[in-house]
Amino acid sequence: MKVEDVLTEVLVRLGDRDKYDIKNLPQDDEEINTIIKCINMVVSEIASDYIPVEFEEEVEVDNGIIPYDKLSKRLINLKNITKNSTKIVTKMYPNEILVKADGLVKVCYLYMPEEVKLGDSIELSPKVTTMLIVYGALGEYCLLQGRYEDANLYDKRYREMLKVACRVTKEIKLKHGWWNS
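Residues numbered from 1 in each chain as written. Predicted model: local features only at pLDDT ≥ 70, side-chain atom pairs only at ≥ 80, totals over all residues. Heavy atoms only, no water.

(A) Fine view of the overall build of the protein. Scanning the protein for helices and strands turns up 4 helices and 7 strands. Helices (α) and strands (β) of the protein occur, in sequence order from the N terminus, as α-α-β-β-β-β-β-β-β-α-α. Its C-alpha atoms give the protein a radius of gyration of 21 Å, clearly above 16 Å, the size a compact globule of 181 residues would have. Each principal axis of the C-alpha distribution contributes one length, and for the protein these read about 65 × 55 × 30 Å. Buried residues in the protein amount to 40% of all 181 residues. For the protein, the proportion of contacts with a sequence separation of at least 24, taken over those separated by at least 6, is 72%. Put simply, the protein shows about 11600 Å² of open surface, and 48% of that area lies on carbon and sulfur atoms. (Helix = DSSP H or I, 4+ residues; strand = E, 2+ residues; numbered from the N terminus. Rg over C-alpha atoms; globule rule 2.2 N^0.38 Å. Buried < 20%, exposed > 50% of the residue type's maximum accessible area, 1.4 Å probe, protein only. Contact = heavy atoms within 4.5 Å. Areas by Shrake-Rupley, 256 points an atom, 1.4 Å probe, with all protein chains shown as cover.)

(B) The pairing of strand E3 (residues 74-83), seen in detail. Relative to strand E7 (residues 103-112), E3 is paired through 7 bridges, and the arrangement is antiparallel. Bridging across to E7, asparagine 77 finds its partner in leucine 110. As paired strands, E3 and strand E4 (residues 86-87) are joined by 2 bridges and run antiparallel to one another. Following the sheet pairing, threonine 82 is matched in E4 by lysine 87. With antiparallel pairing between neighbouring strands as the criterion, E3 and E4 make up a hairpin whose turn holds 2 residues, including asparagine 84 at a positive phi of roughly 55 degrees. (Pairing = 2+ DSSP bridges.)

(C) Structural detail: the sheet that holds E7. With respect to topology, 4 strands assemble into an open sheet ordered E1-E7-E3-E4, the strand pairing being antiparallel. Each having just a single partner strand, strand E1 (53-61) and E4 make up the two edges of the open sheet. In the packing of helix H2 (residues 30-50) onto the sheet, the strands contacted are E1, E3 and E7, and the crossing angle to E7 comes to about 120 degrees. (Axes fitted to C-alpha atoms, helices over the stretch in contact; angles between N-to-C directions.)

(D) Local environment of the pattern of salt bridges. Scanning the entire structure with this criterion turns up 8 salt bridges. One network of salt bridges, with partners in common, ties together Glu45, Asp155 and Arg159. (Salt bridge = Lys/Arg side-chain N within 4 Å of Asp/Glu carboxyl O.)

(E) Looking closely at the packing of aromatic side chains. All chains considered together, the criterion is met by 3 aromatic pairs. Geometrically, the ring pair formed by phenylalanine 55 and tyrosine 109 is edge-to-face, given 6.0 Å between the ring centres and 75 degrees between the ring planes. Pair noted here: phenylalanine 55 is in strand E1 and tyrosine 109 is in strand E7, with a separation of 54 residues, a long-range link. Judged by its relative accessible area of 25%, phenylalanine 55 is partly exposed. Through successive ring pairs, a cluster of aromatic residues spans Phe55, Tyr109 and Tyr111. Here the guanidinium or amino end of lysine 73 rests over the ring plane of phenylalanine 55, the centre of that ring lying 5.0 Å away. (Phe/Tyr/Trp six-rings, centres within 6.5 Å; stacked < 30°, edge-to-face > 60°. Lys NZ or Arg CZ within 6 Å of the ring centre and 35° of its normal.)

(F) Focus on H2. Taking 1.5 Å per residue as the helical rise, H2 with its 21 residues ought to reach 30 Å, and the 29 Å between its terminal C-alpha atoms agrees with that figure. Measuring from the backbone nitrogen of glutamate 31 back to the side-chain oxygen at the start of H2 gives 3.1 Å, which picks out aspartate 29 as the cap. (Expected span 1.5 Å × (residues − 1). Polar contact = N/O pair within 3.5 Å; in protein donor to acceptor, adjacent residues only side chain to side chain.)

(G) Structural context of helix H4 (residues 148-166). With 19 residues, H4 ought to run about 27 Å at 1.5 Å a step, and its terminal C-alpha atoms sit 26 Å apart, in line with that. Within H4, the full set of buried residues consists of Ala151, Tyr154, Tyr158, Leu162 and Ala165. For H4, the angular spread of buried residues about the axis comes to 80 degrees, placing them on one side. Along H4, exposed side chains directed more than 90 degrees from the buried face belong to Glu149, Asn152, Lys156 and Lys163. Elements in contact with the buried residues of H4: helix H1 (3-14), H2 and helix H3 (130-144). (Arc of directions from axis to C-beta.)

Structure follows, in structure tokens:
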């Protein structure tokens, strides 16, 4: 989803849709920048606390060490490291990962998305809908503006939608021919 999609929905609910040309938004508008900061707060909260985003990449290991800055994304949590489809023993330290291997390895990890700005896409799980981010951003924005009743209303909707997005769905399998009994 695009930042502009979320921003448009936020502006509609704030009653400011007619105030801006969505196709040509000002880069230095205080309200727009505040809403984008709220969007970033919500995206960070979702990715770090509720629905993490997974990424896998190949990294070169030097002397059994992978510095975090060698990874292309900001690591939240390591899932696994493999070499030739075999899991490798690892140990995480504040600035690096120690690996019992050298050469090229696959690193699978959860990461914190970069802050977004106008023109960017928001990288989150497909479970996260535009409206989920809209309600979260509206709650934050209204809170900053001192509109506490509105903030409470939007935050409640955000939390309800977040519960749905976090819900684990299980596939129900029925025995073949159960209806013939």
